[in-house]
Amino acid sequence: MAAPKVAVVGAGVIGLSTALCIAETCPSCSVTVLSDQFSPNTTSDVAAGMLIPHAYPGTPIHVQKQWFKETFSYLFAISNSAEASEAGIHLVSGWQVFKNTPKEELPFWSDVVLGFRPMSEAELQKFPRHQFGQAFTTLKCDCPPYLLWLEKRLKATGVQMSTRKVTDLWELNSEYNVVVNCAGIGARQLVGDEKIFPVRGQVLKVHAPWVKNFIRDGDGLTYIYPGVHRVTLGGTREKESWSLSPDPGTTKDIFERCCSLEPSLRGAQDIKVKVGLRPSRQCVRLQKEVLSQGGVKLPVVHSYGHGAGGFSVHRGTAKEAARLVGECIADLQGSSSRAKL
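So, how was this worked out
- Residues numbered from 1 in each chain as written.
- Predicted model: local features only at pLDDT ≥ 70, side-chain atom pairs only at ≥ 80, totals over all residues.
- Heavy atoms only, no water.
- UniProt positions renumbered as here; feature names shortened; annotations may be inferred.
- Helix = DSSP H or I, 4+ residues; strand = E, 2+ residues; numbered from the N terminus.
- Buried < 20%, exposed > 50% of the residue type's maximum accessible area, 1.4 Å probe, protein only.
- Contact = heavy atoms within 4.5 Å.
- Salt bridge = Lys/Arg side-chain N within 4 Å of Asp/Glu carboxyl O.
- Axes fitted to C-alpha atoms, helices over the stretch in contact; angles between N-to-C directions.
- Parallel < 35°, antiparallel > 145°, perpendicular 65-115°, else oblique.
- Nonpolar A, V, L, I, M, F, W, Y, C, P; charged D, E, K, R; others polar.
- Disulfide = S-S within 2.5 Å.

Examining the UniProt feature "binding site: D-dopa" (unreviewed entry) in the protein chain
So, step 1. As annotated in UniProt, the feature "binding site: D-dopa" (unreviewed entry) corresponds to Y223 and R278 in the numbering used here.
So, step 2. Looking at the element boundaries, Y223 is found in strand β10 (residues 223–226).
So, step 3. Taking relative accessible area as the criterion, Y223 reaches 8% and is therefore assigned buried.
So, step 4. Residue position: R278 is located in strand β13 (residues 269–280).
So, step 5. By relative accessible area, which is 14% here, R278 ends up buried.
So, step 6. Contacts of R278, omitting those with residues within four sequence positions, involve I185, F197, P198, V199, R200, G201, Y223, T236, R237, G307 and A308.

See below:
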């Protein structure tokens, strides 16, 4: 069989990192990324890019932990390299604070991040409305630079990028041997998955260079994440809302909530408002499927539905998707050598 041709549909963080893992683990493959939108116009460009996992109710915890661990290790290595600045990856320390002590004082990822510990009484004095907190150091991706860095790595490994709107995976059958579906919220139309739904997120990107520590309310709604150039203030989680228009009332509410956690933000300048639709599902869909029409088969690997946690697990799920692509190719090569016999 000639060099297998693989199409990856979607150019957010999941699509790009999956394409990179496939190119790295299967150098004989010809890989193409197909998407109607590339950075800076993807949902991933709006994301805060903090590595604090979001739990998926339908995915076993040990699997989620493995995905997070692989992603953390991968980005930690980049943060310790000369490419850290270009890739937009840096370590950031801070606090997750709770109004009431959570049932789980040790989240499943506590031994993956660095220096995880309960907050001291002295630290908690900074947050008079909260009675419990956790301090740790994690990684932050500045998303647009990271996506551009991934694209550069892909081009260096010979991966093609093509601007194309795919409306049906079957239309790729004549050109590609395996198709990888990383369409995010687009999977709802593309493969008719009714289980995926948008969770609208509105965030503010502000200039406040004095803010060095992240602060996250334990409910996950209010957060302050310092990046290299701007601080991300959030946020909202609006289920089933498809609106991409910023809401001025929401902007005011986010700003007030963040100022109550960090009063110095009242001096923030140059406030930009961004909206993204998180592709949410009870569990990430990460599996193989063989589409069939009139005796013709098309192997597909699905990897979508990462919701609010895409950045925290992107490398781990990309490695798993690449492994499934390898299985599809082995099956194809097996059937083509059997056909010759």
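Looking at the pattern of salt bridges
So, step 1. Counted under the stated rule, the structure contains 24 salt bridges.
So, step 2. Salt-bridge contacts for K165 lead to D36; the nearest nitrogen and oxygen are separated by 3.7 Å. Residue K165 is located in the loop between β6 (160–163) and β7 (178–181), and its partner D36 is located in the loop between β2 (30–35) and α2 (61–79); the two are separated by 129 residues in the primary sequence.
So, step 3. By relative accessible area, D36 is classed as partly exposed at 38%.
So, step 4. Across the salt bridge formed by E194 and R188, the nearest N and O atoms sit 4.0 Å from each other.

Points about the UniProt feature "domain: FAD dependent oxidoreductase" (unreviewed entry) in the protein chain
So, step 1. The positions UniProt marks with the feature "domain: FAD dependent oxidoreductase" (unreviewed entry) are residues 5–324.
So, step 2. In the segment residues 5–324, helix accounts for 27% and strand for 31%; the C-alpha atoms at its two ends are 15 Å apart.

Observations regarding the environment of V112
So, step 1. Note on placement: V112 falls in the loop between β3 (89–98) and β4 (114–118).
So, step 2. Residue class for V112 comes out buried when judged on its relative accessible area of 11%.
So, step 3. Between the C-alpha atom of V112 and that of T59, which follows or precedes it by 53 residues, the distance is 18 Å.
So, step 4. V112 has contacts with K65, F68, K69 and F72, leaving out every residue within four places of it along the chain.

Here's the deal with the packing of α2 against helix α5 (residues 143–156)
Packed helices, taken two at a time, are described by the angle their axes make and the gap between the axes.
So, step 1. Their axes nearest at 14 Å, the elements α2 and α5 cross at an angle of 90°. What the angle tells us is that α2 and α5 run roughly perpendicular. On α5, the residues that touch Y74, L75 and I78 of α2 are Y146, W149 and R153.
So, step 2. Classifying every residue of the contact of α2 with α5 gives 5 nonpolar, no polar and 1 charged.

Things to note about the state of the cysteines
So, step 1. Summed over all chains, the structure comprises 1 disulfide.
So, step 2. Two residues share a disulfide in this structure: C26 and C29, whose sulfurs sit 2.4 Å from each other. Across the disulfide from C26 to C29, rotation about the S-S bond amounts to roughly 70°, and the bridge is consequently right-handed.
So, step 3. Not engaged in a disulfide, the cysteine C141 finds its nearest cysteine sulfur in C143; these two sulfurs lie 6.1 Å apart.
So, step 4. Judged by relative accessible area, C141 falls into the buried class, the value being 0%.
So, step 5. The thiol of C283 is unpaired, and the distance to the nearest cysteine sulfur, on C182, comes to 16 Å.
So, step 6. Relative accessible area serves as the criterion here: at 23%, C283 is assigned to the partly exposed category.

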